[in-house]
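# Structural overview
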Amino acid sequence: MAELRFQINDKAIERLPPPENGRYIVRDTELKGFFLVVGTRKKTFTIQGDLREEGKRAATIRVAIGDTSEMSTRAARAVAKEYLSQISRGQHPRGECRIAKATTAAALETPEAPKIVGITLRAAWERYKISMVRKNRSERTIESYRDHIERIFAGWLETPLIELGNDPAKVAAKHDAITEENGPYIANGSMRTLRAVYNHARKTNRELPPDNPVGSIDWNGEKRRDTGMGLADLKGWFLELAAIDNPIRREFHLFTLLSACRPAALKEAKPSHLDLRRRVLHVPRPKGGADRAFDIPLSRQMIRCLLRAMRFGRLMYPFEAREWIFPADSADGHLAEQKEERSTLSKWGNELRQTFRTIANPAGVSELDARMLMNHSIPGVNAGYITRHKLLEDHLRAQQQAISSTIFNALGNAVAEDENLIAWLGVGAARNAICRAADESPSAR
């Protein structure tokens, strides 16, 4: 039978008939050098590439990857890319093997064929990355995993996972070394990434030991950060914030406090995400990816904050402001770094999320409502019975307004007495801080 050519996939492989005798080859149209050898009893994933020395072909290498009954096409393709990459760098995928030319399909399988070394960490990571994309994981999450694998474990990229699985002490020693060099949190985080990649690889590589080698490490103790502010701390923080020269950064920090939105997601907020009629700001790709997209209900203070940010943006960065609510002179066109000197602003970033959650209590907001406002998962079986967007238009917005009002009421007379606060928030805000906003209880109206 003549050679066939099409994009190799699992369904196509199932339909391939066995030859009457001998074997035939099916070449993949997507990845050059990747093909399938179809015999009377089995079908074998295989690669072929030219090993070059000083620019000249020294040998043509063929390596069997695995049987189609034992691994999927996706897994085989990932290994094939890794093997072909090694050949292109002048390395034999099985370094200890004798380099010999192979010209026919019959030369692929010999009794002396060495045992397959198995999937490397690099190939396993490439496959896991594809899985994360298909599950709509956010780019920030994927980048975090990539940093762990390609930076922290750079020296292990060509290491077969089976070597780590058979030597968990090596993984434990690596965790100790990372702790010493990069700190306890990075060490734990990178090991969680390695654990996930190994577990995913084992689904299609049953030769890997079932016990994940990361289970051998002694995890570093991690303490939940307790850096949020209480009501008594807000006055001093607002005075610090009012003194910041850049008005866009000032509004960014304020909105982070009022919304509890994660800074990474807030930086990418666009005017098109803002619906003033419904009084919501859509967050399309929060932590967890597009599947966790949600709308933030907006209080009156939050709307004023966003409108000020967009007004300043049009004045300072007119081109970038067309696309971003918090524009900046950066490569992406939006605010890229929210960190401030502690001497300038004592609290920023996720510390403001903790503050939001802390102030929700004196504002009278329940644990369940606070979780929904922060887009946290809801524990328990009742989670599946709660439809968040049905609560958004009235109940959750009222809870959001309660938190915003509590925050501004905590300022007392400071808004009317400090020149920077008056210049920033205006005389109207100063009056509201003292006399209470219109959304207060009827007895105060």
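Overview of the structure. Bear in mind that the values here come from a model prediction, so they are computed numbers and not experimental data. (Residues numbered from 1 in each chain as written. Predicted model: local features only at pLDDT ≥ 70, side-chain atom pairs only at ≥ 80, totals over all residues. Heavy atoms only, no water.)

## Description of the packing of aromatic side chains
Going through the model one piece at a time under the given rule, you end up with seven aromatic pairs. Measuring from centroid to centroid gives 5.7 Å for F153 and W156, while their planes differ by 20°, and the two rings are stacked. The residues F153 and W156 share a single accessibility class, namely buried. Between F252 and F326, the aromatic rings sit 5.3 Å apart at their centres with planes inclined by 90°, giving edge-to-face as the arrangement. Remark: F326 occurs in the loop between α11 (300–316) and α12 (350–360) and F252 occurs in helix α9 (residues 247–259); sequence separation between them is 74 residues. Accessibility assignment for this pair places F252 and F326 in one class, buried. Ring pairs connect the aromatic residues W237, F238, F408 and W424, which therefore count as one cluster. (Phe/Tyr/Trp six-rings, centres within 6.5 Å; stacked < 30°, edge-to-face > 60°. Buried < 20%, exposed > 50% of the residue type's maximum accessible area, 1.4 Å probe, protein only. Helix = DSSP H or I, 4+ residues; strand = E, 2+ residues; numbered from the N terminus.)

## Remarks on helix α4 (residues 139–152)
Given a rise of 1.5 Å per residue, 14 residues ought to cover 20 Å, and the 19 Å separating the end C-alpha atoms of α4 matches this to within 8%. Buried within α4 we find T141, I142, H148, I149 and I152. Projected down its long axis, α4 shows its buried positions confined to an angular sector of 155°, all on one face. Residues of α4 that are buried make contact with α3 (121–134), α6 (168–182) and α7 (184–202). (Expected span 1.5 Å × (residues − 1). Arc of directions from axis to C-beta. Contact = heavy atoms within 4.5 Å.)

## Re the pattern of salt bridges
Here the structure, examined in full by the defined rule, presents 15 salt bridges. Close ionic contact of K129 with E126 constitutes a salt bridge, the shortest N to O distance being 3.5 Å. Of this pair, K129 and E126 both sit in helix α3, three residues apart, which is roughly one turn of that helix. Classification of K129 as partly exposed rests on a relative accessible area of 24%. You can call E126 partly exposed: its relative accessible area is 33%. Between E251 and R308 there is a salt bridge; the shortest N-O distance is 2.8 Å. One end of the pair, E251, is in helix α9; the other, R308, is in helix α11, and 57 residues separate them in sequence. Looking at E251, the relative accessible area reads 0%, which means it is buried. (Salt bridge = Lys/Arg side-chain N within 4 Å of Asp/Glu carboxyl O.)

## A look at the sheet that holds strand β6 (residues 274–275)
Read from one edge to the other, the open sheet built from three strands follows the order β6-β7-β8, with strand pairing classed as antiparallel. Every other strand in the sheet has two partners, leaving β6 and β8 (294–297) as the edge strands with one partner each. As defined by bridge partners, strand β7 (residues 280–283) adjoins β8 across four bridges and the pair is classed as antiparallel. Across the sheet, the residue bridging to V283 is F294, located in β8. (Pairing = 2+ DSSP bridges.)

## Some words on α9
For an α-helix, 3.6 residues make a turn, and residues three or four places apart therefore share a direction. With 13 residues, α9 extends 18 Å between its outermost C-alpha atoms, agreeing within 8% with the 18 Å of an ideal straight helix rising 1.5 Å per residue. Counting buried positions over the 13 residues of α9 gives 13, a clear majority of the element. Where α9 begins, one side-chain oxygen reaches toward the backbone nitrogen of I248, 2.9 Å away; that side chain belongs to N246. Residue A260 follows α9 closely and has a positive phi angle near 65°. (Polar contact = N/O pair within 3.5 Å; in protein donor to acceptor, adjacent residues only side chain to side chain.)

## What to know about the packing of α6 against α7
At a minimum axis separation of 7 Å, α6 and α7 run at an interaxial angle of 145°. Handedness of the α6/α7 crossing: right-handed. When α6 is examined against α7, the residues V171, K174, H175, I178, T179 and N182 are found in contact with a partner set consisting of P184, I186, A187, N188, S190, M191 and L194. Looking at the contact of α6 with α7 residue by residue, the classes come out as seven nonpolar, five polar and one charged. (Axes fitted to C-alpha atoms, helices over the stretch in contact; angles between N-to-C directions. Left-handed = near helix turned anticlockwise from the far one by under 90°. Nonpolar A, V, L, I, M, F, W, Y, C, P; charged D, E, K, R; others polar.)

## Some remarks on the pairing of strand β2 (residues 23–28)
Within β2, five of the six residues are buried, which leaves the element mostly enclosed by the surrounding structure. Relative to β2, strand β1 (residues 4–6) runs parallel, the two being bridged by three bridges. Across the sheet, residue L4 finds its bridge partner in β2, namely V26. With respect to chirality, the unit in which β1 leads through helix α1 (residues 10–15) into the neighbouring parallel β2 is right-handed. Both β2 and strand β3 (residues 34–39) contribute to a ladder of five bridges, which runs antiparallel. (Right-handed = clockwise from strand over helix to strand, strands pointing away.)

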